[in-house]
Amino acid sequence: MSEPSEHDLTTSYPNGAQFAALDIGSNSFHLITARVIDQHLQPLLRFKQKVRLAEGLQRNGKLNEAAIQRGLAALALCAQRLEGFDPSQVHVVATHTLREAKNRDEFLSRAAGVLPFAINIISGHEEARLIYRGVAETSSSQGKRLVIDIGGGSTEIIAGQEFEPVLISSRSMGCVSFTERFFTGGKLSEKRFKKAQTSARGELEPIADKLRKFKPAQVLGTSGTVKAITQWVQQRDQSVPDVVLREQLDACMAEVLQHKAIGLFSADGIDKDRLASLPAGLAILIGVLDELEITTITAHDAALREGVLYELAERVISDRDVRQRTIDGMAARYQVDEVQAARVAKTAIHLLGKVAKPWGLKGKAWKHKLTWAARLHEIGLQINASALQNHSGYIVAHADMPGFSKEEQALLAALVRNYRKKVRVDSIPTLHQYQYHDIQRLIALLRLAVLFNTDRQPAQLLQKAEVVGDWMVLTLTELGWNNPMLIADLEREIRQQIKLGVHLRFQAPQTNQPPLG
């Protein structure tokens, strides 16, 4: 982060504001804190813990206890360094290993007792996007660039120009997972190397042709693997710092293969902790460069954590949220009726305002989520009007949604899947970041907002909403009370709201009470 750009860092940034990003990776946990100084993010602290989380991912798909304990110990150290930070100033992301672990819920539950900040498990696509953001914000290079990040459990490859990624891919190959797969027991041989290289090339085959045609002006490697190899090469060959030529990697492989076991190998400039996974990382790097016909790669310091940091700062201070751009893009792509979506959103936010304090739903975050759900609740119309809510829920659950964590996306999918017809209780997920009853209540509010706008006209049908505990009483306007379809819909809705833990009642209009909105 030595050369941050001025892209999207506006004059609204107050000097001294501090932010932190924690990357829970498959090999290491990386923490970075920074403060805003004259429109730039100035790093204050970099903290790294080698955890080897992926090493504990067993054949049954579960993390073993030893890996969980290493992870919790590292999180405890991170928590100490984050004392005094408000949750709005910290963003924590987890990558490949926790994406894959079948017992990730157990890890997240135990982690909550150690780290007082929510852990967001992000998709491989989102991880790649944020890596590119970190590079773009800290790179002085211009034009087309290709970014390669070899992590512990996955490798992200992103082609982009300036600040915009063009092609994003996350492949299931990492230095820790490949060590377990091809260098079992720490054994080394040329045959093992070749198998690892061939597997890496095979992983890239679906995207290789497009990447070869991209022809970047610069290829950047952002992982610890690439940085370790560049340090090794530089010390050995006295070559240009941070730059590695493809033929130099052959010399690296030859050095490694002089030994029969990883434990016997050593190299100048490489930490002992890195040596165990270095042969696998080297095999992946050679496979990637050969498959993409790349002859030179340059190491770059910034990666995922910097991307997370810049996006967090932009979201909090500049109020420019990539998630909003994602929602806008999806609404346009699926030709949402924006007028109707706006009506539903307006009613939903009015209702939220009435229940926010008693239901504990105060804050911008809840308003955003309800508004986004209102914007997307009808995107399933592009498929079929029949079972519309199911189509909408499926699209939201499975779409690529930049900026959204897996749990945020699951929450939105649950909202739009249950906005009409019968509430499917089995489709409401149990999430770590959100209380189950909060999700139920958001669904309840969205359903009512849709119900009061069924006729798709700007009619004032709701006069007042009041809640006491789980009881909600709606007072209708004269127009609403004399609308037989609305009355019938509300009577049916009472049964569905019960499933959401809400006891709904409605009544005739009261005099001297203006309608909501």
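Bear in mind that the values here come from a model prediction, so they are computed numbers and not experimental data. (Residues numbered from 1 in each chain as written. Predicted model: local features only at pLDDT ≥ 70, side-chain atom pairs only at ≥ 80, totals over all residues. Heavy atoms only, no water.)

Brief notes about the confidence of the model for the protein chain
Phase 1: Per-residue confidence for the protein chain gives a mean pLDDT of 91, with 95% of residues at or over 70.
Phase 2: Confidence scores differ between elements of the protein chain, with helix α9 (residues 272–275) showing the lowest mean pLDDT of 84 and helix α1 (residues 65–81) the highest of 97.
Phase 3: Below a pLDDT of 50 lies the segment residues 1–13, which in the model reaches 45 contacts outside its immediate sequence neighbourhood of four places, other chains included. (pLDDT = per-residue confidence, 0-100. Helix = DSSP H or I, 4+ residues; strand = E, 2+ residues; numbered from the N terminus. Contact = heavy atoms within 4.5 Å.)

Details of the environment of V423
Phase 1: With respect to the helices and strands, V423 occurs in the loop between α16 (406–417) and α17 (436–451).
Phase 2: Given the relative accessible area of 5%, V423 is considered buried.
Phase 3: Taking the C-alpha atoms as reference points, V423 and I498, separated by 75 residues in sequence, lie 9.7 Å from one another. (Buried < 20%, exposed > 50% of the residue type's maximum accessible area, 1.4 Å probe, protein only.)

What about the pattern of salt bridges?
Phase 1: With the rule as written, the count across this model stands at 29 salt bridges.
Phase 2: R133 is the salt-bridge partner of E137, the closest N and O atoms lying 2.9 Å from each other. Of this pair, E137 and R133 are both found in helix α4 (residues 124–138), four residues apart, which corresponds to roughly one turn of the helix. For the pair shown, E137 and R133 are each scored as buried.
Phase 3: Between R133 and E311 there is a salt bridge, and its shortest N-O distance comes to 3.2 Å. Residue R133 is located in helix α4, and its partner E311 is located in helix α11 (residues 304–317); the two are separated by 178 residues in the primary sequence. (Salt bridge = Lys/Arg side-chain N within 4 Å of Asp/Glu carboxyl O.)

Observations concerning the nonpolar core
Phase 1: Judged by nonpolar contacts, the single largest core of 61 residues is most densely connected at M401, L412, L446, M472, L474 and L490.
Phase 2: With ten residues, α17 is the largest single contributor of residues to this core.
Phase 3: Look past the residues within four positions of M401 in its chain and what remains in contact with it is E126, T326, I327, M330, L376, V396, Q409 and L412. (Core = buried A, V, L, I, M, F, W, Y, C linked by side-chain atoms within 4.5 Å.)

Some words on the layout of surface pockets
Phase 1: Of the pockets and cavities examined, the largest pocket occupies roughly 1,100 Å³.
Phase 2: Lining the largest pocket are 34 residues, with P87, A118, R315, A365 and Q433 positioned closest to its centre.
Phase 3: Elements supplying a minimum of two residues to the lining of the largest pocket: β4 (90–94), α3 (104–112), β5 (119–121), α11, α12 (322–333) and α14 (364–376).
Phase 4: Estimated volume of the second largest pocket: approximately 660 Å³.
Phase 5: The wall of the second largest pocket is formed by 40 residues, among which H30, K48, S223, G224 and R274 lie closest to the centre.
Phase 6: Within the residue set of the lining of the second largest pocket, elements represented by two or more residues are β2 (28–37), β3 (40–50), α4, β6 (144–150), α7 (224–237), α9 and α11.
Phase 7: Here the lining of the second largest pocket is built from residues that sort into nine nonpolar, 18 polar and 13 charged. (1 Å grid on protein atoms, 1.4 Å probe; cavity = no way out; pocket = protein on both sides within 12 Å on 5 of 7 lines; lining within 4 Å. Points joined across faces, edges and corners; volume = space filled by probe spheres on them. Nonpolar A, V, L, I, M, F, W, Y, C, P; charged D, E, K, R; others polar.)

Focus on the packing of aromatic side chains
Phase 1: Applying the stated criterion across every chain, the model contains six aromatic pairs.
Phase 2: Look at F178 and F182: their rings are 4.9 Å apart centre to centre, the planes differ by 65°, and that puts the pair in the edge-to-face class. Linking F178 with F182, this pair stays in helix α5 (residues 175–182), spanning four residues, or about one helical turn.
Phase 3: Taking NZ or CZ as reference, R81 lies 3.9 Å from the ring centre of F47, over its face.
Phase 4: Over the aromatic face of F214 sits the side chain of K144, whose NZ or CZ is 4.9 Å from the ring centroid. (Phe/Tyr/Trp six-rings, centres within 6.5 Å; stacked < 30°, edge-to-face > 60°. Lys NZ or Arg CZ within 6 Å of the ring centre and 35° of its normal.)

Quick look at the pairing of strand β7 (residues 155–161)
Phase 1: Extensive coverage of β7 is indicated by the burial of six of its seven residues.
Phase 2: Pairing geometry for β6 and β7, over seven bridges, is antiparallel. Counted as the bridge partner of D149 is E156 from β7.
Phase 3: Here seven bridges tie β7 to strand β8 (residues 164–171), and the two strands are oriented antiparallel to one another. Within β8, the position partnered with I157 by the bridge is S169.
Phase 4: In textbook terms, the turn of a hairpin is the stretch between consecutive antiparallel strands, and for β7 and β8 this stretch comprises two residues, one of which, E162, has a positive phi near 55°. (Pairing = 2+ DSSP bridges.)

Comments concerning the sheet that holds β2
Phase 1: If you walk across this open sheet you meet the five strands as β3-β2-β1-β4-β5, and the pairing is mixed. With one partner strand each, in any of the chains shown, β3 and β5 form the two edges of the open sheet. Averaged over all adjacent pairs, the angle separating strand axes in this sheet is 20°, with direction ignored.
Phase 2: Direction of pairing for strand β1 (residues 18–24) relative to β2: antiparallel, over a ladder of seven bridges. Note that in β2 the partner of A20 across the bridge is T33. (Axes fitted to C-alpha atoms, helices over the stretch in contact; angles between N-to-C directions.)

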